[in-house]
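What follows is each chain in one-letter form.
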Amino acid sequence: MSTAQKVYTWLDERLGLTGIYNVVLDRKVPKVNWWFTLGSASLFLFVMQGVTGIFLTVYYVPSPDHAYDSIQYIMNGVSFGWLIRGIHHWGATLMVVVVSIHMLRTFYLAAYKYPREVTWLTGVVLFLATLSMGFTGYLLPWNQRAYWATTVGTEIPGTAPLIGPLVTRVLRGGADLSAVTLARFFSVHIWFLPAIIAATIGIHIYLVIRLGISSIPDKDD
Amino acid sequence: MNQEFKQKYLDKYYKAKQKGVKFFPDIIYKDMIVSFGLFLLLLGLATFVGVANEPKADPSDSSYIPRPEWYFLFLFQMLKYFPGNLEWIGTTVIPGVAVLLLFLLPFVDRNPYRHWSKRKVAISVMSVVVAGIVGLTMLAAVTTPPQTEAAPLATSLSEQIALGQDTYSIQCVECHGADGEGGEIIGVEGLEGVVLKPINDQDVMYTFTDETLYNVVNFGQPAQGMPPFGKAYGGELGPGEIEALVAFMRYTWDDRAELPPEAEQRAAPPALAENEVPSYEVHIAPLVKRYCISCHRPGKKNNNYLMQSYAEVMTSGDHAPNVVAGDLGSNLIRMLHREEIEAGGPMPPTRALKPELIAIFERWVLGGAPETAEQAAQLAAPALPPPAETLQVSPVITITLTAPVTSPLPVTATLTVTVTP
Ligand code: HEM
């Protein structure tokens, strides 16, 4: 046995790598088409957003006084800052597109039916969380567009009967958009939502592997 | 779905799986192609389209037309159909029901069949919803009015200083002078004769922090006559512009700050070759902008002489024309030479322009007062005759110093000759 094999066997005994390989990679999958790649494309985009997002937090400062300037600095002062921000910016748009089309493909191919109902449920959570990422991230550059879009965006739930005004206050952390709002949106954008999404993706993909990917329905289905 | 149906599905699915492919490598290979394609797309978008630069948030500027991220536009558009008392239907009921239905879909849609031909209702409903969302999004994109004149944006420090210089020239020169030197205010309604301390010296620059400067401009000092400039206080300037203004003052007047070379170049008067005819566009406009616009724009006391464009410079004013091509006796030139004429007093009222700047105006007028650089290039460069008066001076004046000058400092002597014909 070569050393590499020995190391592998040692690890396998403890980690069960072969088992993982058999279950995750070596499984049989019905013949499917290109639309079925969009789930993993969503995952890829989520990871990209995570990586570029982490780099952005190195320089980004979530306070009304500094947020705008810190973004200017990322764009002009940090080497390849413009690239990181560009990827994060366009990645957000692309992720919404890809996740939505992925959802539509599971709908049109009836993949949400027995036995994959729970996969669909976790999917809806992912969809809403992705949109919320877009909403909270939009405020962070603290520019005119961000400020006024969020002002209007947080007004919308305020029109609900009874609890509306309360919801708006909670979203804003006060009567108006302020440093509190920015801090809140920042924390939701970089901690709460990514944590929810990561955990939900875990369940989602566990279910996909456990149940197998659906086959394309034929005339008799 | 009953047990039997479920079992039938599972059996069929099992067979489909057996006939299928291995996840690794067949499926994952496709997945990676698509993800890699998306990655290239992202690089392309980030590099060639980039992220639009926006002005800093300005809570006081409620004229800004809010625009949500494009994937929320359809919601925004939908709300327009629920005005007044019905608003909450659009804001809460419809989105709420939609989300609920999305969650409950597998339980609401009890139809056991999967092929599209047996799910016509579900497919039609979803297709109508998707078409509606796409339609509303496009409608919103088309109907949202364009943003009214976005404030100019500066990204680099030297751009910011240049923007600050422009802003200063327009807003502040009329009272504080072209270089912040202060002095007696002339030609400003309400403050005629008030004497301002300089704001470009150490007294101000060493004692005012950037924040104080920002606040002085933003709130003004109404008690002393300094008007507020922040939009929130009735002025014309957004936060980005005031910040640029502060950067300009700091880097130009504070001797502890070093002006970036790029910005220095920009601030210098445009270069003019020996025989070149200056043009309005290249040479005159920057001077006018820096030394005259502050007063010679609408809403100021200026005999209706506006100087914001070539046409205005040439034709407006109570004593128009103030510029006559080829005529050094034009009002503008005479006033620059600090003559008191029918059109008014010396210009700019408080402090003479530097002689080399006046010379540019003169060469321009003599050369035919061309507008564009091309027109200027076509005009033969006239040899600038010395100003008319000195032509007639025939005796040569020789000054002989009778005592040697002993001073470590450079000595300058000024000789003024007045010739009476
Ligand atoms: C961050 C977002 C998401 C990620 C990373 C993700 C990931 C995946 C992956 C990798 C698969 C494997 C099959 C495929 O790629 O088509 C899958 C399947 C599935 N997804 Fe998602 N998904 C996301 C969002 C959603 C959403 C929004 C829905 C629907 C509301 C959804 C519903 C489903 C369903 C029902 C399946 C099973 C499809 C089948 O077995 O044919 N997913 N997802």
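Rules and cut-offs
What you see as residue numbers is a count from 1 along each chain, following the sequence as written. Chains and ligands are labelled by the order in which they are written, letters from A for the one and numbers from 1 for the other. Reporting of local features is limited, given that this is a predicted model, to residues whose pLDDT is at least 70; pairs of side-chain atoms are given and counted only at 80 or more, and all residues count toward the totals for whole chains, interfaces and linings. Computation of side-chain values: all heavy atoms of the structure, hydrogens and water removed. Coordination partners: N, O, S within 2.8 Å of the metal, 3.2 Å for Na, K and Ca; water not considered, so apparent gaps in a site are possible. Four donors are marked tetrahedral only if all angles between them lie between 85 and 135 degrees, whereas four are marked square planar and six octahedral if opposite donors are more than 155 degrees apart and the other angles lie between 65 and 115; the remainder are marked irregular. Comment: elements are numbered from the N terminus, with helices defined as DSSP H or I runs of at least four residues and strands as E runs of at least two. Confidence scores here are pLDDT values: one per residue, from the predictor, ranging 0 to 100. For every element, the axis is a line fit to its C-alpha atoms; helices are fit only across the contacting stretch, and the angle between N-to-C directions ranges from 0 to 180 degrees. Any angle that is under 35 degrees is reported as roughly parallel, and any over 145 degrees as roughly antiparallel; angles of 65 to 115 degrees are reported as roughly perpendicular and all others as oblique. Left-handed is the label given to a crossing in which the near helix is rotated counterclockwise from the far helix by less than a right angle, and right-handed is the label when the rotation is clockwise. Any two residues having at least one pair of non-hydrogen atoms within 4.5 Å are treated as being in contact. Basically, the charged four are Asp, Glu, Lys and Arg, the nonpolar ten are Ala, Val, Leu, Ile, Met, Phe, Trp, Tyr, Cys and Pro, and anything else, Gly included, counts as polar. The span you would expect from a helix comes to 1.5 Å times its residue count less one. Relative accessibility thresholds used throughout: buried, under 20% of the residue-type maximum; exposed, over 50%; partly exposed, between the two (1.4 Å probe, protein chains only). The arc refers to the directions leading from the helix axis to the C-beta atoms. Each aromatic pair joins two rings of Phe, Tyr and Trp (for Trp, the six-membered one) with centres within 6.5 Å, and gets the label stacked for planes under 30 degrees apart, edge-to-face for over 60, and tilted for any other angle. A ring is considered to have a charge above it if a Lys NZ or an Arg CZ atom is located within 6 Å of its centre and within 35 degrees of its normal. Nine residue types can take part in a nonpolar core, namely buried Ala, Val, Leu, Ile, Met, Phe, Trp, Tyr and Cys, and a core is a set of them joined through side-chain atoms within 4.5 Å. For any pair of parts, buried area is found by adding up, for both, the accessible area (1.4 Å probe) each one loses once the two are put together. The salt bridge definition used is simple: a Lys or Arg side-chain nitrogen within 4 Å of an Asp or Glu carboxyl oxygen. Whether a residue is near a molecule or strand is decided by its heavy atoms; if any one of them lies within 4 Å of it, the residue is near. Polar contact is defined as a pair of N or O atoms within 3.5 Å, subject to the rule that within protein one atom must be able to donate a hydrogen and the other to accept it, and that residues adjacent in sequence are counted only when both atoms are side-chain atoms. Disulfide assignment relies on a single distance test, namely cysteine sulfur atoms paired within 2.5 Å.

A. Representation of the coordination of the iron atom of the ligand in the model. All names here are of chain A. Looking at the metal site, the iron atom of the ligand is ligated by His102 (NE2) and His204 (NE2), spaced 2.0 to 2.1 Å from it. Here the iron atom of the ligand binds six donor atoms, and the angle range of 86 to 178° at the metal identifies the geometry as octahedral. Of this pair, histidine 102 sits in helix 5 (residues 81-108) while histidine 204 sits in helix 9 (residues 179-211); the two residues are 102 residues apart in sequence, bridging distant segments of the chain.

B. Here's a closer look at the confidence of the model for chain B. Residues and elements named next belong to chain B. Within chain B, residue pLDDT values average 83, and 88% of them lie at 70 or more. Confidence scores differ between elements of chain B, with helix 17 (residues 388-391) showing the lowest mean pLDDT of 49 and helix 2 (residues 23-49) the highest of 95. The ipTM, which scores confidence in the relative placement of chains, is 0.95 for this predicted complex, and the corresponding pTM is 0.69.

C. The packing of helix 5 of chain A against helix 6 (residues 117-139) of chain A, seen in detail. Residues and elements named next belong to chain A. Packing of helix 5 against helix 6 brings their axes to within 10 Å, and their N-to-C directions diverge by 155°. Of the possible angle classes, the one that applies to helix 5 and helix 6 is roughly antiparallel. Considering only the axes of helix 5 and helix 6, their crossing is left-handed. Note on element contacts: helix 6 touches helix 5 through Trp120, Phe127, Thr130 and Leu131, opposite Met95, Val96, Val99, Ser100, Met103, Thr106 and Phe107. Residue composition of the contact of helix 5 with helix 6, grouped by class: eight nonpolar, three polar and no charged.

D. Geometry of helix 3 (residues 38-59) of chain A. Compared with the 32 Å implied by 1.5 Å per residue over 22 residues, the 32 Å span of helix 3 of chain A between its first and last C-alpha is a close match. Within helix 3 of chain A the residues assigned to the buried category are Leu38(A), Ala41(A), Ser42(A), Leu45(A), Phe46(A), Met48(A), Gln49(A), Thr52(A), Gly53(A) and Leu56(A). What you see down the axis of helix 3 of chain A is that its buried residues fit within an arc of 170°, all on one side. Facing away from the buried surface of helix 3 of chain A by more than 90 degrees, the exposed residues are Ile54(A) and Val58(A). Looking at the buried positions of helix 3 of chain A, the neighbouring elements they touch are helix 4 (67-76), helix 5 and helix 9 of chain A together with helix 2 of chain B.

E. Looking closely at the packing of aromatic side chains. The final tally for this structure, using the stated rule, is 20 aromatic pairs over all chains. Centroid distance Tyr59(A) to Tyr73(A): 5.8 Å. Interplanar angle 70°. Geometry classified as edge-to-face. Here Tyr59(A), found in helix 3, pairs with Tyr73(A), found in helix 4; they are 14 residues apart in sequence, far enough to count as distant. The exposure class assigned to Tyr73(A) is partly exposed, which follows from its relative accessible area of 46%. One aromatic cluster is present, built from ring pairs that chain together Phe135(A), Phe185(A), Trp70(B), Tyr71(B) and Phe72(B). One cation-aromatic arrangement involves Lys8(B) over Phe5(B); the distance from NZ or CZ to the ring centre is 5.2 Å.

F. Expanded view of the nonpolar core. In this structure, Leu45(A), Phe107(A), Trp120(A), Ile197(A), Leu38(B) and Leu42(B) are the most contacted members of the largest nonpolar core, which totals 37 residues. Mapped by element, the contributors of at least two residues to this core are helix 3, helix 5, helix 6 and helix 9 of chain A together with helix 2, helix 4 (87-108) and helix 5 (120-143) of chain B. The dominant element in this core, judged by the number of residues it contributes, is helix 5 of chain A, at ten residues. Apart from the residues lying within four places of it in its own chain, the contact partners of Leu45(A) are Leu94(A), Met95(A), Val98(A), Leu38(B) and Leu42(B). Val313(B), Val323(B), Ile360(B) and Ala369(B) belong to the second largest nonpolar core, which has 25 residues in total.

G. Main features of the interface of chain A and chain B. Listed by partner, the interface residues are 83 residues for chain A and 77 residues for chain B. Both sides together, the interface formed by chain A and chain B hides about 7,600 Å², and carbon and sulfur atoms give 68% of it. Along the contact surface separating chain A from chain B lie five salt bridges. Residue Asp109(B) is joined to Lys113(A) by a salt bridge in which the shortest nitrogen-to-oxygen separation is 3.5 Å.

H. Layout of the packing of helix 3 of chain A against helix 2 of chain B. Axis separation between helix 3 of chain A and helix 2 of chain B bottoms out at 9 Å; the angle between their running directions is 40°. With respect to helix 2 of chain B, the element helix 3 of chain A is oriented oblique. The handedness of the crossing between helix 3 of chain A and helix 2 of chain B is right-handed. Packed against helix 3 of chain A, whose contacting residues are Ser40(A), Ala41(A), Phe44(A), Leu45(A) and Met48(A), the element helix 2 of chain B presents Asp31(B), Val34(B), Ser35(B), Leu38(B), Phe39(B) and Leu42(B) at the interface.

I. Structural detail: the site of the ligand. Residues and elements named next belong to chain A. Taken together, 25 residues lie around the ligand, and Phe36, His102, Arg105, His204 and Ser214 are the ones closest in. In this structure, phenylalanine 36 approaches the ligand through a main-chain N or O atom, which is 2.8 Å from an oxygen atom. Residues belonging to the shell around the ligand are distributed by class as follows: 13 nonpolar, ten polar and two charged.

J. The state of the cysteines, seen in detail. All names here are of chain B. By the definition in use, this model includes zero disulfides over all chains. Left unpaired, cysteine 172 is separated from the closest cysteine sulfur, that of cysteine 175, by 8.6 Å. Cysteine cysteine 292 is unpaired, with the sulfur of cysteine 295 as its nearest cysteine sulfur at 8.7 Å.

K. Spatial organisation of the environment of Gly174(A). Here Gly174(A) shows up in the loop between helix 8 (164-172) and helix 9. Beyond its immediate chain neighbours, meaning those up to four positions away, Gly174(A) contacts Thr168(A) and Arg169(A).

L. Structural context of the pattern of salt bridges. For the structure shown, the criterion picks out 16 salt bridges over all chains. One salt bridge connects Glu54(B) with Arg145(A), and the closest N-O pair in it is separated by 3.2 Å. Taken together, the positions of Glu54(B) in the loop between helix 2 and helix 3 (73-79) and Arg145(A) in helix 7 (residues 144-155) put the pair across two chains. A residue is classified by how much of its surface remains accessible, and Glu54(B), at 13% relative accessible area, is buried. The shortest N-O distance in the salt bridge between Arg290(B) and Asp179(B) comes to 3.0 Å. Within this pair, whereas Arg290(B) is found in helix 12 (residues 280-291), its partner Asp179(B) is found in the loop between helix 7 (173-176) and strand 2 (183-184), the two being separated by 111 residues in sequence. Taken individually, Arg290(B) and Asp179(B) each receive the classification buried, so the pair is uniform in this respect. Overlapping salt bridges bring together Asp210(B), Arg250(B), Asp254(B) and Arg256(B) as one network.

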